[in-house]
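Letter by letter, the chains look like this.
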Amino acid sequence: YIVASISGGFKSGFMQNMAEYMSLANDPKDLNVPTGSKAFILYVNLEMSQTQMTERRAAFYGIDKNDLYNKDKGPASDQIRDKLKEMDAKIDVIYQKEKPRTYSAQNLLNDIQYHERFGMKCIAVVFDYSDLLKYTMEKTDELERISPLVRKNEGLRDIAQKLNIPVLTGIQLNRSSSETKKMLDQADRIDVLKNMASDSIAKSFDVINVPEQLYFCMKFPAGDFNEEFFSIIVDKDRDNNAKYIDLDGKVQSLLYNRVHYVAKMNGMKITNDYRDSISGFNIDLDDSVVTSLGFTPEDI
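All of the points below concern the structure found in this document. (Residues numbered from 1 in each chain as written. Predicted model: local features only at pLDDT ≥ 70, side-chain atom pairs only at ≥ 80, totals over all residues. Heavy atoms only, no water.)

## A few points about the overall build of the chain
Consideration 1: Of the regular secondary structure elements, the chain holds 8 helices and 11 strands.
Consideration 2: By principal-axis analysis of the C-alpha atoms, the chain measures approximately 65 × 60 × 40 Å.
Consideration 3: Within the chain, the proportion of its 300 residues that are buried is 46%.
Consideration 4: Of the contacts formed within the chain by residues at least 6 apart in sequence, a portion of 70% connects residues at least 24 apart.
Consideration 5: With the model as given, the accessible surface of the chain reaches about 16,000 Å², and the carbon-plus-sulfur share is 46%.
Consideration 6: Across the chain, the mean location of the 39 positive side-chain charges is 7 Å away from that of the 46 negative side-chain charges. (Helix = DSSP H or I, 4+ residues; strand = E, 2+ residues; numbered from the N terminus. Buried < 20%, exposed > 50% of the residue type's maximum accessible area, 1.4 Å probe, protein only. Contact = heavy atoms within 4.5 Å. Areas by Shrake-Rupley, 256 points an atom, 1.4 Å probe, with all protein chains shown as cover. Lys, Arg positive; Asp, Glu negative; His and termini not counted. Charge placed at Lys NZ, Arg CZ, Asp CG, Glu CD.)

## Thoughts on the nonpolar core
A general tendency of soluble globular proteins is for nonpolar side chains to be buried together.
Consideration 1: Ranked by size, the top nonpolar core spans 55 residues in total, and within it F14, I41, L108, V125 and F127 carry the most contacts.
Consideration 2: Grouped together as the second largest cluster of nonpolar side chains are 27 residues, I6, V192, V207 and F281 included. (Core = buried A, V, L, I, M, F, W, Y, C linked by side-chain atoms within 4.5 Å.)

## Things to note about the pairing of strand β6 (residues 213-222)
Consideration 1: Counting buried positions along β6 yields 8 of 10 residues, so the element is predominantly enclosed.
Consideration 2: When strand β1 (residues 2-5) meets β6, the two strands line up parallel, connected through 3 bridges. Pairing of V3 across the sheet is with Y215, part of β6.
Consideration 3: One ladder, built from 10 bridges, connects β6 with strand β7 (residues 227-237); its direction is antiparallel. Bridge assignment links F220 to a residue of β7, and that residue is F229. (Pairing = 2+ DSSP bridges.)

## Comments concerning the side chain of E20
Consideration 1: When you line up the elements, E20 lands in helix α1 (residues 11-25).
Consideration 2: Not counting residues within four places of it along the chain, the set of residues in contact with E20 comprises R57, F60, Y61, L84, V93 and Y95.

## Quick notes on the pattern of salt bridges
Consideration 1: Evaluation of the coordinates by the stated rule reveals 16 salt bridges.
Consideration 2: A salt bridge links D78 to R81; its shortest N-O distance comes to 2.7 Å. Residue D78 and its partner R81 are both found in helix α4 (residues 76-86); the two are separated by 3 residues, about one turn of the helix.
Consideration 3: A relative accessible area of 32% places D78 in the partly exposed class.
Consideration 4: With a shortest N-O distance of 2.5 Å, D235 and R258 are connected by a salt bridge. Taken together, the residues span a long stretch of sequence, with D235 in strand β7 and R258 in the loop between β9 (251-252) and β10 (260-266) at a distance of 23 residues.
Consideration 5: On the basis of relative accessibility, which here comes to 18%, the residue R258 falls in the buried class. (Salt bridge = Lys/Arg side-chain N within 4 Å of Asp/Glu carboxyl O.)

## Remarks on the sheet that holds strand β11 (residues 269-275)
Consideration 1: What the 9 strands build is an open sheet, ordered β3-β2-β4-β5-β1-β6-β7-β10-β11; its pairing is mixed. The open sheet is flanked by β3 (92-97) and β11, the only strands paired with a single partner. Averaged over neighbouring strand pairs, the angle between their axes works out to 25° when direction is ignored.
Consideration 2: The pairing of strand β2 (residues 38-45) with strand β4 (residues 120-128) spans 8 bridges and is classified as parallel. (Axes fitted to C-alpha atoms, helices over the stretch in contact; angles between N-to-C directions.)

## Description of the packing of helix α2 (residues 50-60) against α4
Consideration 1: At a minimum axis distance of 10 Å, the contact between α2 and α4 shows a crossing angle of 30°. Considering the relative orientation of α2 and α4, their crossing is left-handed. Residues T54, R57 and A58 of α2 touch α4, and the partners they reach there are A76, I80 and L84.
Consideration 2: Residues of the contact of α2 with α4, tallied by class, amount to 4 nonpolar, 1 polar and 1 charged. (Left-handed = near helix turned anticlockwise from the far one by under 90°. Nonpolar A, V, L, I, M, F, W, Y, C, P; charged D, E, K, R; others polar.)

## Focus on the packing of aromatic side chains
Consideration 1: Tallying each qualifying case throughout the model produces 13 aromatic pairs.
Consideration 2: Considering the side-chain rings of F14 and F230, the 5.6 Å spacing of their centres and the 15° angle between planes classify their relative orientation as stacked. Placement of the pair is F14 in helix α1 and F230 in strand β7, with a sequence separation of 216 residues.
Consideration 3: With relative accessibility at 3%, the residue F230 sits in the buried group.
Consideration 4: Taken together, the ring pairs connect F10, F14, Y215 and F230 into an aromatic cluster.
Consideration 5: Sitting above the plane of the Y129 ring, K11 keeps its charged end 4.6 Å from the centroid.
Consideration 6: The side chain of K269 reaches across the aromatic face of F60, ending 5.0 Å from its centre. (Phe/Tyr/Trp six-rings, centres within 6.5 Å; stacked < 30°, edge-to-face > 60°. Lys NZ or Arg CZ within 6 Å of the ring centre and 35° of its normal.)

Geometry only, nothing functional implied.
Printed below as a string of structure tokens:
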């Protein structure tokens with residue numbers, strides 16, 4: 001599974017949310033975990049420092065950054081562990097920092113197998129992000145014009161197939177797609193993400209052939225600008241598994257033949273307060289916000 005966004009679009013944040021939500025929402029008893037093994041999700045980041053990852057994880061669980069480094073409250077790892085116990089998380093998320101351009105898909109497979117030799121069972125991988133993987137171009141790739149980005153994602157897909165687990169990774173969008181940022185002043189009224197399409201992918205259009213599902217995502221302010229929202233759209237769905245589930249738990253028919261969600265943000269956490277469109281939130285624009293956007297109240 002591949003998620004794509006412009007720089008600052010919350011791609012990494014979405015993947016981290018996925019790792020933590022998978023941890024909270026699943027029970028090893030319901031999964032193919034051998035008796036006596038401990039289930040885990042491997043989260044590998046090639047960009048952020050260990051400190052940044054810890055701070056983001058703490059923010060997801062509502063731990064104040066100031067408390068995180070308060071000696072009276074104990075080590076950051078203990079504070080996070082206490083939160084996990086409080087929320088009854090039954091699956092560990094192992095956060096792993098690696099160096100970009102030196103870490104390969106084979107290294108990833110080796111690390112998973114290393115943990116499993118000690119009685120662990122990997123049930124999912126979140127890898128941030130595939131373009132930073134190490135890959136040595138083969139002559140046949142050059143002759144067939146196969147890009148490194150395609151090969152890197154194929155390497156992750158091979159791990160998913162070999163271990164029969166979901167692997168989620170991210171890719172960057174090209175510079176022209178950053179034009180979407182200029183539309184963010186309209187994001188409280190229209191779903192700007194719906195302008196995104198596969199030709200926005202940087203470096204290799206062919207990468208769309210690799211994943212089971214391809215998503216585009218974006219984080220943006222709306223309303224009085226103190227509120228933030230997250231939008232995600234499924235652009236490719238090989239087995240037609242993606243569905244829009246309304247707040248009552250019912251599957252709804254698709255308006256654009258693409259599954260689209262807009263959810264409120266709570267700091268680093270994507271909440272369960274969601275709609276199929278930003279218009280569903282009925283955001284009220286006060287006069288100051290309208291003026292700052294270049295509109296008058298009469299225009300609205």
